[in-house]
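Observations on chain architecture
Here is what each chain is made of, one letter per residue.
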Amino acid sequence: YLLSKKVVYSDLKLYYYFERENSITKVFNEKRFDALGALKDRIDFFKKIKREDLHSKSIINYLKTIGFFSIDAARYAETKDSQTKLKKIFKDELEKYNIEISIPLKNKIQYLAMLKMPRTYKFLRENFRLKKGSK
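Residues numbered from 1 in each chain as written. Predicted model: local features only at pLDDT ≥ 70, side-chain atom pairs only at ≥ 80, totals over all residues. Heavy atoms only, no water.

1. Things to note about the overall build of the protein chain
Formally: In DSSP terms, a helix is any run of H or I states spanning at least four residues, a strand is any run of E spanning at least two, and both are numbered starting from the N terminus. The buried label goes to any residue with under 20% of its type's maximum accessible area, the exposed label to any with over 50%, and the partly exposed label to all in between, with areas taken from a 1.4 Å probe on protein chains only. Here, residues are in contact when the closest pair of their heavy atoms is within 4.5 Å. The protein chains shown are the only cover counted for residues, whose accessible areas, like all others here, come from Shrake-Rupley with a 1.4 Å probe.
Assigned secondary structure in the protein chain consists of 5 helices and 0 strands. When the 135 residues of the protein chain are sorted by exposure, 31% land in the buried category. Excluding contacts between residues fewer than 6 apart, the proportion of contacts in the protein chain whose partners are at least 24 apart in sequence is 66%. If you sum the accessible surface of the protein chain, you get close to 10,500 Å²; carbon and sulfur atoms cover 57% of it.

Structural data, given as structure tokens:
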């Protein structure tokens, strides 16, 4: 993408995505932790090419992903260990990345709510439109 000579964007809706509540992609398992490694690679890549804007956004996205994983893990009793592990990862990563960039307070509150009260956060998000870009 960074080496492309031309990039085109279209806002046409070319596919329909349907999510079932009991879908296999909704079940949490620790294979999802692999995605965190890929997100960290993206953080390192943007830092290496000195794209501070994308570096900061990728850190915020990484932390938010940990929070969403925690919400998914909270749904299943057998993933209690995963949830504990996610909380530790989050705490360590927040400390580390808060030194690198200034994480907005709004995001910190969101992440903490996702980790400390995942079911409540999910309920509020689904019922009060706490979605990306909403005010």
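2. Points about a positive patch on the surface
Our working rule: Exposure above 30% relative accessible area and the lack of any salt bridge qualify a residue for a patch; like charges then connect within 9 Å, and the nonpolar side chains Val, Leu, Ile, Met, Phe, Trp and Tyr within 5 Å. Between Lys or Arg on one side and Asp or Glu on the other, a salt bridge is scored when a side-chain nitrogen of the former is within 4 Å of a carboxyl oxygen of the latter. Positive charges are assigned to Lys and Arg, negative charges to Asp and Glu, while His and the chain termini are left out of the count. Every charge is mapped onto a representative atom, which is NZ of Lys, CZ of Arg, CG of Asp or CD of Glu.
The grouping of Lys-80, Lys-87, Lys-116 and Arg-119 at the surface amounts to a positive patch. As for its position among the elements, Lys-80 is in helix H3 (residues 80–100). A relative accessible area of 54% places Lys-80 in the exposed class.

3. Focus: helix H4 (residues 105–116)
Along an α-helix, residues three or four positions apart point the same way, because every turn accommodates 3.6 residues. The condition is simple: Expected helix span is given by 1.5 Å per residue-to-residue step, counting one fewer step than there are residues.
Compared with the 16 Å implied by 1.5 Å per residue over 12 residues, the 16 Å span of H4 between its first and last C-alpha is a close match. Restricting attention to buried positions, one finds in H4 the residues Asn-107, Gln-110, Tyr-111, Ala-113, Met-114 and Leu-115. At its buried positions, H4 is contacted by helix H2 (52–74), H3 and helix H5 (118–128).

4. Let's talk about the side chain of Ser-58
Structurally, Ser-58 is set in helix H2. If near-sequence neighbours (up to four positions away) are discounted, Ser-58 is found in contact with Arg-42, Ile-43 and Phe-46.

5. Comments concerning the confidence of the model for the protein chain
Basically, it comes down to this: Residue-level confidence of the predictor, termed pLDDT, takes values from 0 up to 100.
Here the protein chain averages 82 in pLDDT, while 89% of its residues score no lower than 70. By mean pLDDT, H5 is the weakest element of the protein chain at 82, and helix H1 (residues 33–48) is the strongest at 93.

6. Describing the nonpolar core
Keep this limit in mind: Within this scheme, the nonpolar core is defined by two criteria: the residues are buried Ala, Val, Leu, Ile, Met, Phe, Trp, Tyr or Cys, and they are joined through side-chain atoms within 4.5 Å.
Counting 25 residues, the largest nonpolar core has Leu-36, Tyr-62, Leu-63 and Leu-86 as the members making the most contacts within it. Listed by contribution, the elements that provide at least two residues to this core are H1, H2, H3 and H4. Top contributing element to this core by residue count: H2, with 8 residues.

7. Quick notes on the packing of aromatic side chains
Defined as follows: Whether two aromatic rings pair depends on their centres lying within 6.5 Å, for rings of Phe, Tyr and Trp, where Trp uses its six-membered ring; planes under 30 degrees apart make the pair stacked, over 60 edge-to-face, and the rest tilted. Only when the NZ atom of a Lys or the CZ atom of an Arg is both within 6 Å of the ring centre and within 35 degrees of the ring normal do we say a charge sits over the ring.
As enumerated under the stated definition, the model contains 3 aromatic pairs in all. Both rings, one in Tyr-62 and one in Tyr-97, keep their centres 6.0 Å apart while their planes meet at 85°; by these two values the pair is edge-to-face. In this pair, Tyr-62 is assigned in helix H2 and Tyr-97 in helix H3, connecting sequence segments 35 residues apart. With respect to burial, Tyr-62 and Tyr-97 carry one shared label: buried. Across from the ring centre of Phe-33, 5.3 Å away, lies the NZ or CZ of Lys-85, which sits over that ring.

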